[in-house]
Amino acid sequence: MEIQARLMEYKFHFMVAIIVSVVLSSLVYAAPRVLDILAYFWPLFASTAAFLAIAITFGGFQQLSDEATGEGIMNYVAGRPDDSHKYY
């Protein structure tokens, strides 16, 4: 009897564990295979890869500026442009 009373304390934990395992197993069973997903989306993957290759080939990589990353846009958003001293 003591064991059954101890188990009843955890009945909600058992129910949640059973529900989660049923949901996960049904998702694994019903989900499409990875190769099916790749077969469906391969034109999208191929065109994206081709676009990136062409953009890098013709555009090249831009060099990083000496300015700290995002400093210019932060000054613009804050309303402090670099040439603000000209307007006073």
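Scroll up to find the structure this text is about.
Residues numbered from 1 in each chain as written. Predicted model: local features only at pLDDT ≥ 70, side-chain atom pairs only at ≥ 80, totals over all residues. Heavy atoms only, no water.

Q: Explain the overall build of the protein chain to me, please; I cannot follow it from the model alone.
A: Counting its secondary structure elements, the protein chain contains 4 helices and 0 strands. Overall, the protein chain shows an N-to-C arrangement of helices and strands of α-α-α-α. Counting all 88 residues of the protein chain, 1% fall into the buried class. Counting every atom, the protein chain has about 8800 Å² of accessible surface; 70% of that belongs to carbon and sulfur. (Helix = DSSP H or I, 4+ residues; strand = E, 2+ residues; numbered from the N terminus. Buried < 20%, exposed > 50% of the residue type's maximum accessible area, 1.4 Å probe, protein only. Areas by Shrake-Rupley, 256 points an atom, 1.4 Å probe, with all protein chains shown as cover.)

Q: Help me understand the packing of helix α1 (residues 2-9) against helix α2 (residues 11-30), please; the structure alone is not making it clear to me.
A: Helix-helix packing: each pair is described by the crossing angle between the helix axes and the interaxial distance. It is the contact of α1 with α2, at a shortest axis distance of 4 Å, that shows an interaxial angle of 60°. On the basis of the axis angle, α1 is oblique to α2. Between α1 and α2, the contacting residues are L7, M8 and E9 on the first element and K11, H13 and F14 on the second. For the contact of α1 with α2, the residue count by class is 3 nonpolar, 1 polar and 2 charged. (Axes fitted to C-alpha atoms, helices over the stretch in contact; angles between N-to-C directions. Parallel < 35°, antiparallel > 145°, perpendicular 65-115°, else oblique. Contact = heavy atoms within 4.5 Å. Nonpolar A, V, L, I, M, F, W, Y, C, P; charged D, E, K, R; others polar.)

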